[in-house]
Amino acid sequence: MKTLIDERRFRAMRSNVAARSAIGSAWWLGSALALAASIAMLFALFWFVLVRGVPALRPEIFVTVTNGISGGLANAIVGTFMLVLGGLVLVMIVGVGSGIWLTAFAGPRMVEVTRFLTDVLSGVPSIVVGYFGYVVLLGYLGWGFSLAAGAIALAIIMLPYVVRGTDLALIAVPQELREGALALGSSTSRSMFMVCLPSAMPGILTSVLLAVSIALGETAPLIYTAGWSNYMPSAAPFHSPVGYLTYVVWTFINQPFAQSHALAYAAAVILMAVIFLTNVVARTVVDVAAQRLRG
Amino acid sequence: MKQKFVALVLGCAMVASVATAATAETVKMLETGSSLLYPLMNLWVADYTKDNPGVQITTQSTGSGTGISEAISGVAQIGASDAYMSDSQLKAAPSPMLNIPTAISAQQVNYNLPGLNDVHLKLSGPVLAGIYSGSIRYWDDKSIVALNKAYASKLPHKGIIPIHRSDGSGDTFIFTQYLTFSTPSWKNGPAYGTSISWPAVPTAVGANGNPGMVQACKAAPYSIAYIGVSFLNETDKAGLGYAMLENRAGNFVLPTAENVSAAAAALVSKTPADERISLIFAPGAKSYPIINYEYAIVREQQPNAETAAALKKFLSWGISSDGGNAMKYLDKVHFKPLPESVVKLSIKQIDKIH
Amino acid sequence: MTTQTQVDRATSPPTAGAASRHRPGDVALQWGTGAMAAVTAALVFLIAIFLAVYAFPAIRFNGLDFLTTLTWNMGNQYGGGPVARNGIAGMPGASFGVVVFLYGTLMSSFVAMLVATPVALLAAVAMVFRVPASLKTPVNTLVELMAGVPSVVFGLWGIVVLVPWIGNALGPWLSAHLGWVPFLGGSIGTGNGLLASGVVLAIMILPIMAATMRDVMSAVPSSIYEASIALGGTSWQAVTQAVLPAARAGIFGAAMLALGRALGETMAVLMVSGAAMNQLPQNIYQPINTMAAVIVSQLDSALTDSTLLAVRSLAEIALVLFAITLVVNVGARLILRLAGNLERSA
């Protein structure tokens, strides 16, 4: 019978505790350094944009629209929110739904196939998603540069992360919890919504936050679906281009004016700040909810 | 009391109807395309829409190819392009298109040569073609020394790093046109375009956007790059030198206002009615060889009369010397105004919009 | 004592038979979520079909040369009219090949995975086993936040900070000390190239890998860890020889997700790769070009081709990238299955 831990290996090594401890300590130090490096990198990147964006970071940029090369970021900020929110609604329905189906209803064959396809989807370059949206949504369906097209493009990009994350999170729900609910006579859907999903919520949230973070930073797909607009976005889902922060970063950095560059970096700072805030707020909410569930 | 109330309601209704009527008449236009023309377009739109509140113009910087393509398909009303449409593009377009020059832009060739950046080296089309095709590998190559005998001892035996644009670019278009018109071997080889199949030179590097070119040139000693004139301030700040280029008459000239205008004036008489003409390698003793018209590519037939009228008004304002072609706009991007006779041709073309 | 089956169950899905009660609510849920999964799957097919149909004329024009030639030439847009080859119209001189971009994509992703996987694994281990509970949330958040840095910012940081450092410091040092290793010697150039692209990609995929690996490792029952300590292993051994193997499938899944991102990344690589054209790099410091980056950078110019052949050839590149992603995923799953089978038979 195969046990999980190879006893022979352990017995042979039990004698040289000191050596093993030393090696272990060295590796633990390495892991601590790796973690520290990851976090330090984040600060380095934030500092990089902050220093360059400071000249443009005045309160007015939140209420002024861009005038093409400088001005404010109000239209881009609102546009980014609307696009990501739209994409989020779509991806929560499709992504979490797919994840639930994978863990609760799908046979092993279908599980493999669906997981495989999800991984393939994550490898599609964002420019292909954008051009696909351009040809199908703008061209074939005639929507023009629009909120709907942009939201769908973002949803496609976010989808693999949410599906995989929901999948992994639901699997991690302890078997006893699942079986306990069923033993008490609840249906699959009841146990899913009352037991599994709440328990898996932190994991699902991680993947959703990851997906939103990635979507917030995308440029290529939005250029071909949402377009760009110097004006505040309307609520119209079709035929109305929408501005977004990454366009400012990508395009304004290529302008010959110093104030454009500063605005570009300011947009990057705001983006990163928005992501930070979203993460912190969402985590706090979920932690509080999880506490209440347990308590 | 009741009468006053009714009057108030009627008053509000009238105001409301006027307001909705006003907003209902807002014409929305989309300009997309060349990143070279984008800064100027934005300067224009900001002021123009202040004086013309019934118009909303959205500007996008996407590239000349996208500008032409979206103008043809009608997604955009104005396609900004550094290149006029080619014969095959015009033939392939489903409805008649207009190529309307809006301003004149130029380009300089920058280099980063430690010790020589405050000097204007003399370079010619064939020499640049040799550098970018790999046949001229070192800064002290005899063809470069032959043009710059005064600095023969200062030119180092270091490998040249030719930097080109990795993205589709009007700057690439006009630079490669200069190489094509001046060098037969380049004409039969890579020729010109917004992107070309750059010859495989081991040290060659591609950079993204004009600022990318500036950064790459600044960071790599012994490199050479072609950069749009709007970025002359940036290249000066970065401490890069720029070259005197050989024009068709055999003289070596700098991209000064005088030399750019001389080149434009030399070709004004040759400009055809459809205004599709290259200003590269213009004849004339003082002509600077790399200048071009910035085009607004427009469909003759617009979806409705209001859009056509608004478009005509905006474009007419743009090319007039009291409007968009005033120096207060052009100076900010180092562009030059359109010559009078070209403006007349453009007005004739704008009239065709309906 | 925890058995293999218990661990298997914790890290793999329950069979459909486990939920044997099917009530009307269940049926509705099953069909509803099944439809969602169908949408996910359908998207992949839609995109694949779109690419195949759109690229078909280019496939006919380019033939097998596409996979063997280094040249990427749209032809002369402003010369004469279109010429025909294999029945499809293209501009004179047009010749499209994907080799340069295929090489760049594979090599940059390889370098990225080489650099990022050990770091992510080590960081994830630290996050699960060494970070005190009170600091867990802030630390986890900080690591994940880096996934939200826009790729454009990575590109900007790359050209201002990373590329000069590679060109002036790291490159010369590596070449001087490790120049005998193939690919590490030779001229350094500007620093724009394979190494810069690989490092930038590595930093970009690090948070995804670390966060997902962390989640997977946290899910492994602590009894596994405790059992190996009880057997006399050091804490490090407990992690590497008990917990990691138990979480093996999930860790692999995390790596695959990250690899997918690396293969498809455009903006950041576009800015630091050096945009090589018609040539392959001689070492890791020289310029490359990746399939995703070349699609972005060439798309606008391709639109000037009135025959649209250039755009369709770009779609053909996207199709090749799609095929690569398929192959990588299939290969990875095969490897995993083989590794699992080998272990079980030992």
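Quick caveat, the model's predicted, so the values are computed rather than measured. (Residues numbered from 1 in each chain as written. Chains lettered and ligands numbered in written order. Predicted model: local features only at pLDDT ≥ 70, side-chain atom pairs only at ≥ 80, totals over all residues.)

(A) Local environment of the interface of chain C and chain A. Across the contact, 93 residues belong to chain C and 91 residues belong to chain A. At 16 residues, helix 2 (residues 24-62) of chain C tops the list of elements feeding residues into the side of chain C that touches chain A. Of the residues belonging to the side of chain C that touches chain A, the class tally is 56 nonpolar, 28 polar and 9 charged. (Contact = placed C-beta atoms within 7 Å. Helix = DSSP H or I, 4+ residues; strand = E, 2+ residues; numbered from the N terminus. Nonpolar A, V, L, I, M, F, W, Y, C, P; charged D, E, K, R; others polar.)

(B) Broad picture of the sheet that holds strand 5 (residues 122-123) of chain B. With respect to topology, 3 strands assemble into an open sheet ordered 5-10-11 (chain B), the strand pairing being mixed. The open sheet terminates on both sides in strands that have one partner only, identified here as strand 5 and strand 11 (252-253) of chain B. (Pairing = 2+ DSSP bridges.)

(C) Representation of helix 2 (residues 38-51) of chain B within the structure. In this model, helix 2 of chain B (14 residues) spans 20 Å end to end at C-alpha, consistent with the 20 Å of a helix rising 1.5 Å per residue. If you follow the buried residues of helix 2 of chain B, they end up packed against strand 1 (27-33), strand 2 (55-61), strand 3 (78-81), strand 4 (97-112), helix 12 (305-319) and helix 13 (327-333) of chain B. (Expected span 1.5 Å × (residues − 1).)

(D) View of the domain arrangement of chain A. Residues and elements named next belong to chain A. Here chain A is described as being made up of domain 1 (2-54) and domain 2 (59-294). The straight-line distance from the C-alpha centre of domain 1 to that of domain 2 is 31 Å. The interface is formed by 5 residues belonging to domain 1 together with 6 residues belonging to domain 2. (Domains from an automatic or database assignment.)

(E) Inspection of the confidence of the model for chain A at higher detail. Residues of chain A with pLDDT of at least 70 account for 95%, and the chain-wide mean is 84. Mean pLDDT across the elements of chain A bottoms out in helix 1 (residues 7-13) of chain A (65) and peaks in helix 3 (residues 74-104) of chain A (91). (pLDDT = per-residue confidence, 0-100.)

(F) Looking closely at the packing of helix 3 of chain A against helix 6 (residues 147-171) of chain A. Residue and element names in this part refer to chain A. Here helix 3 crosses helix 6 at 35°, and the two axes come no closer than 6 Å. As for the relative orientation of helix 3 and helix 6, their crossing is right-handed in sense. Its residues assigned to classes, the contact of helix 3 with helix 6 comprises 20 nonpolar, 8 polar and 1 charged. (Axes fitted to C-alpha atoms, helices over the stretch in contact; angles between N-to-C directions. Left-handed = near helix turned anticlockwise from the far one by under 90°.)

(G) Expanded view of the nonpolar core. Core analysis: the biggest nonpolar cluster contains 321 residues, and M158, V249 and A267 of chain A together with A123, V200, I205 and M209 of chain C have the highest contact counts within it. Setting aside anything within four residues of it in sequence, one finds A123 of chain C in contact with S31, A34, L35 and S38 of chain A together with V143 and A210 of chain C. (Core = buried A, V, L, I, M, F, W, Y, C linked by C-beta atoms within 7 Å. Buried ≥ 20, exposed ≤ 12 C-beta atoms within 10 Å, placed from the backbone.)

(H) Summary view of the pairing of strand 8 (residues 223-228) of chain B. Residue and element names in this part refer to chain B. A large share of strand 8 lies buried, amounting to 6 of its 6 residues. As paired strands, strand 4 and strand 8 are joined by 6 bridges and run antiparallel to one another. Paired with N112 across the strands is S223, a residue of strand 8.

(I) Inspection of the interface of chain C and chain B at higher detail. Counting residues at the interface gives 33 residues for chain C and 32 residues for chain B. At the level of elements, strand 1 (72-73), helix 5 (151-178), helix 10 (267-272) and helix 11 (291-302) of chain C are the ones that each hand at least two residues to the side of chain C that touches chain B. Residues belonging to the side of chain C that touches chain B are distributed by class as follows: 14 nonpolar, 18 polar and 1 charged.

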